[in-house]
Protein chains: 4
Amino acid sequence: MIVEMRAGASQEQLDAVISRVHSLGFEVLLNVGTDKYVVAVLGSNTGQVATDAFAVLPGVASVTRIMRSYKLASREFRPGNTVVRVGGVAIGGPNPVIMAGPCSVESEEQMATTAQSVKASGAVVLRGGAFKPRSSPFSFQGLGDQGLDILRQVKALTGLPVVTEVMDPRQVAEVAEVADILQVGARNMQNFALLRELGRLRQPVILKRGLSATIEEWLETADYLLAEGNDDVILCERGIRTFETATRFTLDVSAVPVVKKNSHLPVVVDPSHAAGHYELVPSLAKAALAAGADGLIIEVHPNPVEALSDGLQSLTFSDFGRLMDELKALGEGLGRPLQTLA
Amino acid sequence: MIVEMRAGASQEQLDAVISRVHSLGFEVLLNVGTDKYVVAVLGSNTGQVATDAFAVLPGVASVTRIMRSYKLASREFRPGNTVVRVGGVAIGGPNPVIMAGPCSVESEEQMATTAQSVKASGAVVLRGGAFKPRSSPFSFQGLGDQGLDILRQVKALTGLPVVTEVMDPRQVAEVAEVADILQVGARNMQNFALLRELGRLRQPVILKRGLSATIEEWLETADYLLAEGNDDVILCERGIRTFETATRFTLDVSAVPVVKKNSHLPVVVDPSHAAGHYELVPSLAKAALAAGADGLIIEVHPNPVEALSDGLQSLTFSDFGRLMDELKALGEGLGRPLQTLA
Amino acid sequence: MIVEMRAGASQEQLDAVISRVHSLGFEVLLNVGTDKYVVAVLGSNTGQVATDAFAVLPGVASVTRIMRSYKLASREFRPGNTVVRVGGVAIGGPNPVIMAGPCSVESEEQMATTAQSVKASGAVVLRGGAFKPRSSPFSFQGLGDQGLDILRQVKALTGLPVVTEVMDPRQVAEVAEVADILQVGARNMQNFALLRELGRLRQPVILKRGLSATIEEWLETADYLLAEGNDDVILCERGIRTFETATRFTLDVSAVPVVKKNSHLPVVVDPSHAAGHYELVPSLAKAALAAGADGLIIEVHPNPVEALSDGLQSLTFSDFGRLMDELKALGEGLGRPLQTLA
Amino acid sequence: MIVEMRAGASQEQLDAVISRVHSLGFEVLLNVGTDKYVVAVLGSNTGQVATDAFAVLPGVASVTRIMRSYKLASREFRPGNTVVRVGGVAIGGPNPVIMAGPCSVESEEQMATTAQSVKASGAVVLRGGAFKPRSSPFSFQGLGDQGLDILRQVKALTGLPVVTEVMDPRQVAEVAEVADILQVGARNMQNFALLRELGRLRQPVILKRGLSATIEEWLETADYLLAEGNDDVILCERGIRTFETATRFTLDVSAVPVVKKNSHLPVVVDPSHAAGHYELVPSLAKAALAAGADGLIIEVHPNPVEALSDGLQSLTFSDFGRLMDELKALGEGLGRPLQTLA
C-alpha cells in the first residue's frame, strides 16, 4: 500500500499515518519526494486492508493498493493448478470438460433424452436447473423439489454427474444431496449468506461471475468459499454487462487468461448466457476453448421452441452434436483434447 | 409485442407465430410490409411474456417488447404516488426526508451520539447496519445481533425510526422486530429468496438498485415485493457501475425523474455510496434533491477516521450540519421544504 | 510512480529498473519489503511518463502512477479558478451562465425567434449548430456555411454571443469568424488534429466530454488546448455511455464536483443530450446547477415537433421559460444567482 | 418502425402520427389494442429515419425501430461476403490473414528487421504507425512524414503490403501514396470529415470500432465510407470500454459472429490493444481466430522494452513466432488454414 500525502501536509498528519501503519502491524518506509511525502506500507497482508483506512486520514492525497485484495484464490497462495474431481471427471487439468443440458428441468422425459443425447455427443457433466432465479415474479420459477427428484433419476440412468443451481441458504443441504456440483448464479455472486453455507460443504461449487463484478471481486468472493474450507471451487465466466445490446451480455473472454495468470482455480465459460442467441453460441464456445478455458457449460434442449426458459439460447441435439465435432477438432488443434468419460 | 418475420419467411412459419400468440391468450394484428410480415401481439399483459417465446420460432427476425416488463410498480397500475408512512414520517409526499447515520453500528455510544446529532440537524430517520455485506471475508462483518440490540436502545432513546439492512432470509423476522424500514442492499437486489420473505412482511422496505441493474429490472424486482402483498416499497438509487473510476460508483441522477415518470413508488438517493468520498457527498446530495428525490440517505459518523467501515464517505457531525443548512435552503428554493419531525 | 517487483526478481532486474528511472531524470527510493522490492520513482513530472515504460521491464509485477497524467489543466498547476470571458459574460465565476438554442440552425427565422425568446427568458449565450456530426450519412448534416451566415445575422440582431460546433480542422478559421465560443463535440474529444488548430486560436473553446472518456482523459485532452497556448477552455459534461437505456446517455453529475476539485477550468453541463427526452431535461438541469456547474447548455426550439434534429430533447419556448423561473429560484436557494446580461 | 400511442391519446394525435408517416413516404398499418393504438410504419427505408421524428409528437408513448439503421453495410444489401484484395492478399475469404508490426515506426532498422521477421513467421501484411494519436500532448506523437518514408522503403524491401493510420483529413492523400490499407483509429471512428475523404479514395480502409460504439453504430459509420463509393472496408474489433480494469479494454469477441451475421464486410481483430499486456495477447489472438475472424493485427517489436509506444502489449520476434505456430495449428483444426504469400 502506498500513501501519498498532499503537498504541504504537516508533520503531525504524517505521524498519524505512520502510527496507523504500525497499529495495523505493518512496516513503514518513508519516501521524501521533491514536494511531498509518500509512505510505503510494507507487509504481506496489506491487500486485505481497505485503502480507506488511510485515505480517511487528514493530509492524505491518495492511497494505492499494491497487493491484491484476494488471498486464498491467488496463485501466490497456491502456485499449482487446483483440479476439481467429480465422478470420473477432472476440471482444471489438461483436458477441457464439456457440460451440457437444458436451462430448466421441465420433465423426466426432457431430462432423460437430453442427458442421453449430450452424453452420446461427448458431454461429461449434465446441467439443469430446479430452482430458477427469474427477473420477474410472473415468470416460470422452476420445478423446485420435483426438479431435484428428476435430476436424481436421470443421474442414476446415465451416470453423468449433475450441476444445478442453489439460490437460498436454506436449500443448500437439500440440493447437495442430489447435485455433484452446486452452482451459484451470477445474481447471487455476492450473496454472502449463501456462500458461507456452501463454504462449509465438501462438494464442488461453480461460482459464476456477477454481471458487473470485476475479476478481482470475483476472486475475492471465491475467498469466502475457500476461507470456510471448501477447496473445490470452479469459476465460470458468463458475460458481463456493458453498453452493447447485440448480445445479451458481453462475453469477457479475456477473463480466462487473466484468471489463469492470477489464480490456481479452474475457470469454465458459459457461452449460452453470454450470447443469448443460439446462432452465436458455437463461435463463443470455440473462442472460449481457444482462449484456454478448462471447460464449457452449454445449454441444450430437445425442443428449444417449447423450452420454458432460455429457449432462444439453447442448441438442439443436432446443433450440439455438430458443435461437439468442431470442439473436438479444435481441442486437437490446440493440443488439449476434450475430456471423455473413463 | 411486435414480431418481425424474416424476408422470405414461409406461411407455415407465420402460422406458428400466430398460433403461439393465441395460445398465450393474446390477439394478433398482421402487418403486411413491402418485403416482410410484422405481427403485432395485442393484450394488456404482453409485457410479462419473454420476447424469447417468439424469437425462438423459425422465421422470426426480431421481437420487440412494447409493454413494460413490470406491472405492479408501474404508474399505469397505480396513477397516484405511493406514500410510505413510518413513525411520523411520510416518504413520497411533498416534503423530502433526510435519513442519516453511520455505515455500521459499532457501539451504543457511537449510535447514541450520532442519532442525537443528526436529529438535531434535521434528519428524521436513523440509519445503521448490524449485518454488513463485505466484498472480502477478511473485512469487518458487522456486530450482528448485538448491533440490533443497540439499534433498539437508540431508537427508544431518540424516537427516530430506524432503517437497517437484512441480508439473509433466515434473519428477516429478527431484523423486522427492531427495524422500522428493512433495507435490501444493492448486491442483494435480485436475491429472490430474500425478496419473497420481505414481501410477506407488512413493514416498509428500501430496495437499493443493483450495481448494474437497469431501471426496468429494478422496478421488475419491486414487483416481487408488491406481488407478495407488501405495498410499502421505497426505491433507492445509490450509483451504478461504469468505466469511470474517479467516483466509487456513478450516481445515475436521471433515475429520479425516470422512476417518477414510470412508477408510483417513492425514490430516495444515497449520495454517500455513489461518491465514495466525503468531499463529493454535498454536491451529490444537492443534485439528488434538485432532481426531485423523495429523500436522501447520508452516512454520518462521529469520527470517520476511526470508522470500522466506509469512513472515507462519512460526514462528520459538523459537515452534516452544514450540509443540512444548505439542503434546507435548497428545499425552499425548490418549493419542497424538508420534512421535520411532528 | 511506484514499481513493484515480482517476488524473486533478480538484482539485475532491479538494477535495470533503477537505471531507467535515472535515465528519465527521476530519483529512486528503494523499499525493501518482506518478500519483494518496491521502487518509488520520485519527481514532479512522473505523471507524464507512461507506466508501460516500467511495466515492460523483466521482473516487474505492477506499476502504479501516483501523479496525475494531466498537468496544465490541474488545480496544482493553477490554484485559482479560470474565468472565461466572452461578450459581457463570465463563465467560471460566482454566477452560473445559461446558454440555449436549437440543436441545428435551420433558418434565419427559426434562429431569430429562438434567440429573442431565450434572451427574454434569461439565457445569455445562444447555441446552434451549422455543421452537425450525425451517426448516419443519410441524416441531415447541417446547413454548413449558410448556417454560419444565419448565426452572424442573429448575433448582430440580438447581441448574444454565439457558441457553435466545429468538426474539421480545415473549417476552424471560418467558424472562428462567427463563433464567440467554438465547441468540440463528444465524438471529436480526441480528434487531436482539430484540437491543435483550436489550441492556436485565441478564442474560447467548449470541450465536450467523450462518450466513454474518463474525467482524467478529458482533462488530459484539455492539456492539448492549453499546451498550444489557448487558456480559455470550458469543459462540458453531456452524459456518458453506460448499460442504462432509459436515458440516451447517463449524466455523470459527479463530474461537476470532481472537475471542480481537480481542475481550475470552468465546467458546464448539457442536460439535453444526456436526457435525450424533453420531459427529463428540467430535472437534470436543476441537478447540474445544484451540483455546482458553472453553467448549462439547453436545447430550445420554436417547434420541436418539426425540428430537423434532436427535436425530442428540445424544450419549447414556454417550457424553457418555466424552467428558467425554477433555475432562478434554485440559484437563489444555492446562493449563486444566475448571470444576467450587463 | 412501431409507434405506440399513450392510453387515452386523442384521434387528432393519432392523425398527426399517420400524417407524418405518409409525409415521409411510408405506409401505415393501424393496430387497435385493448387500451391503446399501435401504429406500424411500413417501408424499406424506415431504418434511416430517426425514431425522434415520431417520438416527439404529442400522444406518442414510445417508438421502436425494427429495421436496422445501417444500409450499405448490411447483409440484406449485399448477401455475399465482401473480399478486400491488396497486394496478393485477400481479406474476407476462406483463409485468415495475419498482419503484424510495431505500434510506431521508430527507425528504418526497426521496421526492416521487424518486417523481415514477421514475414518469415507467416505474417502477410505489415503494420506500423507514422502518425500516432496519443492521449497526452506530452507523449511521443510519431515520426510523421519521416515515418511514411521509412514505410515506403521497407515495403520496397520486403514486398509486404502496409497498413498505417491516418488521423487528419489533410493528410489522406499523402498517407495514401504509401499505405496499401489506411487505418481509422478507434478515437476517430466518428470523425466524419476524415471518413468522407477516405470514402472518396479507391484504397482499402480498416475501420476500428470506437471504444464505446455499439456494433450498429460501427456499421452505420461504415456506411459513410460505402456511401462515398469506397467498397473496400475492413472492420476491426479492438476492445470496448467497460468497468473491468484487468485488461486495457474488454475484447468483445462476440462482435465477430455478430458482424458476420449482419454484414458482408470482413472483420479482423486487434488483440494487442484490447489486452494491453503481451502475456494476454496469445489467448486473445487464438480466441478471435476461433470465433471466426477474417484476420488479426498483432503488435510485434524487436525490443519491446525500448519501444517508444505500447511496448507492454508488443510481442518479441520469438514470442510472435511461437504464437504463429499455434495459430497455424489452430487454423488447421478450424478448417481455415492461414493465408500465405503467393
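Owing to the predicted nature of the structure, the values given are computational and were not obtained by experimental measurement. (Residues numbered from 1 in each chain as written. Chains lettered and ligands numbered in written order. Predicted model: local features only at pLDDT ≥ 70, side-chain atom pairs only at ≥ 80, totals over all residues. Heavy atoms only, no water.)

## As for the interface of chain C and chain D
Argument step 1. Each side of the interface is counted separately: chain C has 47 residues, and chain D has 47 residues.
Argument step 2. Each partner contributes to the roughly 4000 Å² buried at the junction of chain C and chain D, and carbon and sulfur atoms together form 52% of this total.
Argument step 3. The largest per-residue losses of area from chain C upon contact with chain D belong to Val-56, Phe-138 and Arg-170 of chain C, which jointly make up 15% of the total buried on that side.
Argument step 4. In this structure, the connection of chain C to chain D is made through 6 salt bridges.
Argument step 5. Residue Arg-170 of chain C is joined to Glu-197 of chain D by a salt bridge in which the shortest nitrogen-to-oxygen separation is 3.1 Å.
Argument step 6. Summed over the shared surface of chain C and chain D, the result is 19 residue pairs in polar contact (both at pLDDT 80 or more).
Argument step 7. The set of elements that each furnish at least two residues to the side of chain C that touches chain D consists of helix H2 (52-55), helix H6 (192-200) and helix H7 (215-227) of chain C.
Argument step 8. For the side of chain C that touches chain D, the element with the most residues is H7 of chain C, which contributes 6 residues.
Argument step 9. For the side of chain C that touches chain D, the per-class residue count stands at 19 nonpolar, 11 polar and 17 charged. (Contact = heavy atoms within 4.5 Å. Buried area = accessible area lost by both parts, 1.4 Å probe. Salt bridge = Lys/Arg side-chain N within 4 Å of Asp/Glu carboxyl O. Polar contact = N/O pair within 3.5 Å; in protein donor to acceptor, adjacent residues only side chain to side chain. Helix = DSSP H or I, 4+ residues; strand = E, 2+ residues; numbered from the N terminus. Nonpolar A, V, L, I, M, F, W, Y, C, P; charged D, E, K, R; others polar.)

## Section: unusual backbone geometry
Argument step 1. A positive phi angle, close to 55°, is found at Asp-310 of chain A, a residue other than glycine.
Argument step 2. Considering the arrangement of structural elements, one finds Asp-310 of chain A in the loop between strand S14 (295-299) and helix H11 (317-334).

## Some remarks on the interface of chain A and chain C
Argument step 1. At the junction of the two partners, chain A supplies 21 residues and chain C supplies 21 residues.
Argument step 2. Buried area between chain A and chain C, both sides added, is near 1600 Å², and the carbon and sulfur share of it is 71%.
Argument step 3. Of all residues in chain A, the largest losses of buried area upon contact with chain C belong to Asn-31, Ile-66 and Phe-243 of chain A, amounting jointly to 27% of the total for that side.
Argument step 4. Taken together, the connections running from chain A to chain C amount to 0 salt bridges.
Argument step 5. Sorting the residues of the side of chain A that touches chain C by element identifies strand S1 (2-5), strand S2 (27-32), strand S3 (37-42) and strand S4 (60-64) of chain A as the ones contributing at least two each.
Argument step 6. The residue makeup of the side of chain A that touches chain C, split by class, is 10 nonpolar, 8 polar and 3 charged.

## Things to note about the domain arrangement of chain A
Argument step 1. Segmentation of chain A into domains returns domain 1 (2-64) and domain 2 (84-334).
Argument step 2. One C-alpha centre belongs to domain 1 of chain A, the other to domain 2 of chain A; they are set 44 Å apart. (Domains from an automatic or database assignment.)

## Side note on helix H1 (residues 11-23) of chain D
Residues and elements named next belong to chain D.
Argument step 1. Over its 13 residues, H1 extends 18 Å from the first C-alpha to the last, a length consistent with the 18 Å expected when each residue adds 1.5 Å.
Argument step 2. For H1, the complete set of buried residues consists of Leu-14, Val-17, Ile-18, Arg-20 and Val-21. Down the axis of H1, the buried side of the element spans an arc of 160°, and every buried residue falls inside it. Opposite the buried face of H1, at more than 90 degrees from it, the exposed residues are Glu-12 and Ser-23. (Expected span 1.5 Å × (residues − 1). Buried < 20%, exposed > 50% of the residue type's maximum accessible area, 1.4 Å probe, protein only. Arc of directions from axis to C-beta.)

## As for the relation of the copies chain C and chain D
Argument step 1. If you rotate chain C by 180° and push it 0.0 Å along the axis, it lands on chain D with an RMSD of 0.0 Å. As the rotation angle and translation indicate, the two copies are arranged about a two-fold axis. Residue Ser-212 of chain C of chain C places its C-alpha closer to the rotation axis than any other residue of that unit, at 3.0 Å.
Argument step 2. In this assembly, 100% of the residues forming the interface of chain C have copies in chain D that are likewise at the interface, indicating an isologous arrangement. (Least-squares fit on C-alpha atoms with pLDDT ≥ 70 in both.)

## Side note on helix H7 (residues 215-227) of chain D
Residue and element names in this part refer to chain D.
Argument step 1. Taking 1.5 Å per residue, 13 residues should reach 18 Å; H7 reaches 18 Å between its end C-alpha atoms and fits that length.
Argument step 2. Of all 13 residues that make up H7, 11 are buried, and the element is covered over most of its length.
Argument step 3. Burial in H7 covers these residues: Ile-215, Glu-217, Trp-218, Leu-219, Glu-220, Thr-221, Ala-222, Asp-223, Tyr-224, Leu-225 and Leu-226.
Argument step 4. Tucked inside the fold, the buried residues of H7 contact helix H6 (192-200), strand S11 (205-208), strand S12 (233-237), helix H8 (255-262) and strand S13 (267-269).
Argument step 5. Downstream of H7 by one or two residues, Gly-229 has phi in the positive range, about 110°.

## Quick notes on the packing of aromatic side chains
Residues and elements named next belong to chain A.
Argument step 1. Scanning the entire structure with this criterion turns up 4 aromatic pairs over all chains.
Argument step 2. Here Phe-192 and Tyr-224 contribute two aromatic rings whose centre-to-centre distance is 4.5 Å and whose plane-to-plane angle is 25°, an arrangement assigned as stacked. Residue Phe-192 is located in helix H6 (residues 192-200), and its partner Tyr-224 is located in helix H7 (residues 215-227); the two are separated by 32 residues in the primary sequence.
Argument step 3. Residue classification places Phe-192 among the buried positions, given a relative accessible area of 2%.
Argument step 4. Geometry around Phe-249 places Arg-238 over its ring, the cationic atom sitting 4.2 Å from the centre. (Phe/Tyr/Trp six-rings, centres within 6.5 Å; stacked < 30°, edge-to-face > 60°. Lys NZ or Arg CZ within 6 Å of the ring centre and 35° of its normal.)

## A word on the pattern of salt bridges
Residues and elements named next belong to chain C.
Argument step 1. Applying the stated rule across the entire model yields 88 salt bridges over all chains.
Argument step 2. Residue Arg-78 pairs with Asp-231 through a salt bridge whose shortest N-O separation is 3.8 Å. With a gap of 153 residues between them, Arg-78 in the loop between strand S4 (60-64) and strand S5 (84-86) and Asp-231 in the loop between H7 and strand S12 (233-237) connect regions that are remote in the sequence.
Argument step 3. On the basis of relative accessibility, which here comes to 37%, the residue Asp-231 falls in the partly exposed class.

## As for the sheet that holds S4 of chain A
Residues and elements named next belong to chain A.
Argument step 1. Spatial strand order, S2-S3-S1-S4: 4 strands in an open sheet with antiparallel pairing. Of all the strands in the sheet, just S2 and S4 have a single pairing partner and so form its edges. Pairwise comparison of adjacent strand axes, ignoring direction, gives a mean angle of 20° for this sheet.
Argument step 2. Bridge count between S2 and S3: 6 bridges; the pairing is antiparallel. Opposite Leu-30, over in S3, you have Val-39 as the bridge partner. (Pairing = 2+ DSSP bridges. Axes fitted to C-alpha atoms, helices over the stretch in contact; angles between N-to-C directions.)

## Some points on the pairing of S11 of chain D
Residue and element names in this part refer to chain D.
Argument step 1. Burial along S11 is two-sided: the residues Val-205 and Leu-207 and Ile-206 and Lys-208 are all buried.
Argument step 2. When strand S10 (residues 181-184) meets S11, the two strands line up parallel, connected through 3 bridges. Counterpart to Val-184 in the pairing with S11 is Leu-207.
Argument step 3. Handedness of the β-α-β unit built from S10, H6 and S11 comes out right-handed.
Argument step 4. Pairing analysis gives 4 bridges linking S11 to S12, with the strands arranged parallel. Within S12, the position partnered with Leu-207 by the bridge is Leu-235. (Right-handed = clockwise from strand over helix to strand, strands pointing away.)

## Brief notes about the sheet that holds strand S2 (residues 27-32) of chain B
Residues and elements named next belong to chain B.
Argument step 1. Spatially, S2-S3-S1-S4 is the arrangement adopted by the 4 strands of the open sheet, whose pairing is antiparallel. The two strands at the open ends of the sheet, each matched to only one other strand, are S2 and strand S4 (60-64). The sheet shows a mean angle of 20° between the axes of neighbouring strands, direction not considered.

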